[in-house]
Amino acid sequence: MRTVEVICSAELDDAVRAAWDRLAAAGLPSLARNTHPTNRPHLTLAAVDEFPPGAEHRLAGLFDAALPVPVTLDRIVVLDGSAPLVWLVRPTPALTALHAAAWDVLAHATGHRPWHAPGAWVPHLSLALRFRNADLRLARAVAGGQRPMGAFVAARSYDGTDRSVTPLIHQQR
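Residues numbered from 1 in each chain as written. Predicted model: local features only at pLDDT ≥ 70, side-chain atom pairs only at ≥ 80, totals over all residues. Heavy atoms only, no water.

1. Re the pairing of strand β7 (residues 164–167)
No. 1: Of the strand pairs in this sheet, strand β6 (residues 149–159) and β7 are connected by four bridges, and their pairing is antiparallel. Looking across to β7, one finds that Arg156 is bridged to Pro167.
No. 2: In this structure, the hairpin formed by β6 and β7 is closed by a connection of four residues, where Arg163 is found at a positive phi of approximately 55 degrees. (Pairing = 2+ DSSP bridges. Helix = DSSP H or I, 4+ residues; strand = E, 2+ residues; numbered from the N terminus.)

2. A word on the pattern of salt bridges
Pairing between side chains becomes possible if they bear opposite charge and their charged atoms approach one another.
No. 1: Across all of its chains, the model carries eight salt bridges by this definition.
No. 2: Here Arg2 and Glu56 are joined by a salt bridge, their closest N and O atoms 2.9 Å apart. Within this pair, whereas Arg2 is found in strand β1 (residues 2–8), its partner Glu56 is found in helix α2 (residues 55–66), the two being separated by 54 residues in sequence.
No. 3: Arg2 gets classed as buried once you look at its relative accessible area, which sits at 10%.
No. 4: In this structure Glu56 comes out as partly exposed when scored by relative accessible area, which is 33%. (Salt bridge = Lys/Arg side-chain N within 4 Å of Asp/Glu carboxyl O. Buried < 20%, exposed > 50% of the residue type's maximum accessible area, 1.4 Å probe, protein only.)

3. What about the packing of α2 against helix α3 (residues 93–105)?
No. 1: Between α2 and α3, whose axes approach to 10 Å, the crossing angle comes to 165 degrees. Between α2 and α3, the crossing angle belongs to the class labelled roughly antiparallel. α3 is crossed by α2, and the crossing has right-handed handedness. In this structure, α2 contributes Ala55, Arg58, Leu59, Leu62, Phe63 and Ala66 to the contact, and α3 contributes Leu98, Ala101, Ala102, Asp104 and Val105. (Axes fitted to C-alpha atoms, helices over the stretch in contact; angles between N-to-C directions. Parallel < 35°, antiparallel > 145°, perpendicular 65-115°, else oblique. Left-handed = near helix turned anticlockwise from the far one by under 90°. Contact = heavy atoms within 4.5 Å.)

Limitation: the analysis is restricted to geometry and does not speak to function.
Quick look at the structure:
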């Protein structure tokens, strides 16, 4: 599987990692416990089995033109009641357009993950996996009620086969 992800600015990354740390310190599930070097706060725009020919180059051009995209985080929720604990990202017109453009680049890819499709996609930054809805009130209190602001400033692709990342940007920021 290959993903298309946008990466947080330093201040947004710091806010999410701080929430990860507070959750872990409270004994709750947290992505702070994932020590793999590719683990970092990110927003997934799409996931497919394989990229079609030329997709990486086209995606890099798209991100070169569109980033940075300012964002504000919203409330903390558990998706589907017993799944990831996430910090919702307010979907701005610029973010929604970037998401749709990434899907256009991947139109001929195989194995699209339907939960990332336009109309179904819930933009979010993950805080913990396999989280119980019963712990949501405590998680909100621990993670904090703030609404951090920042931007998505870079893009990458994660390869689930070898757990590697590939930058999806031509210009250095």
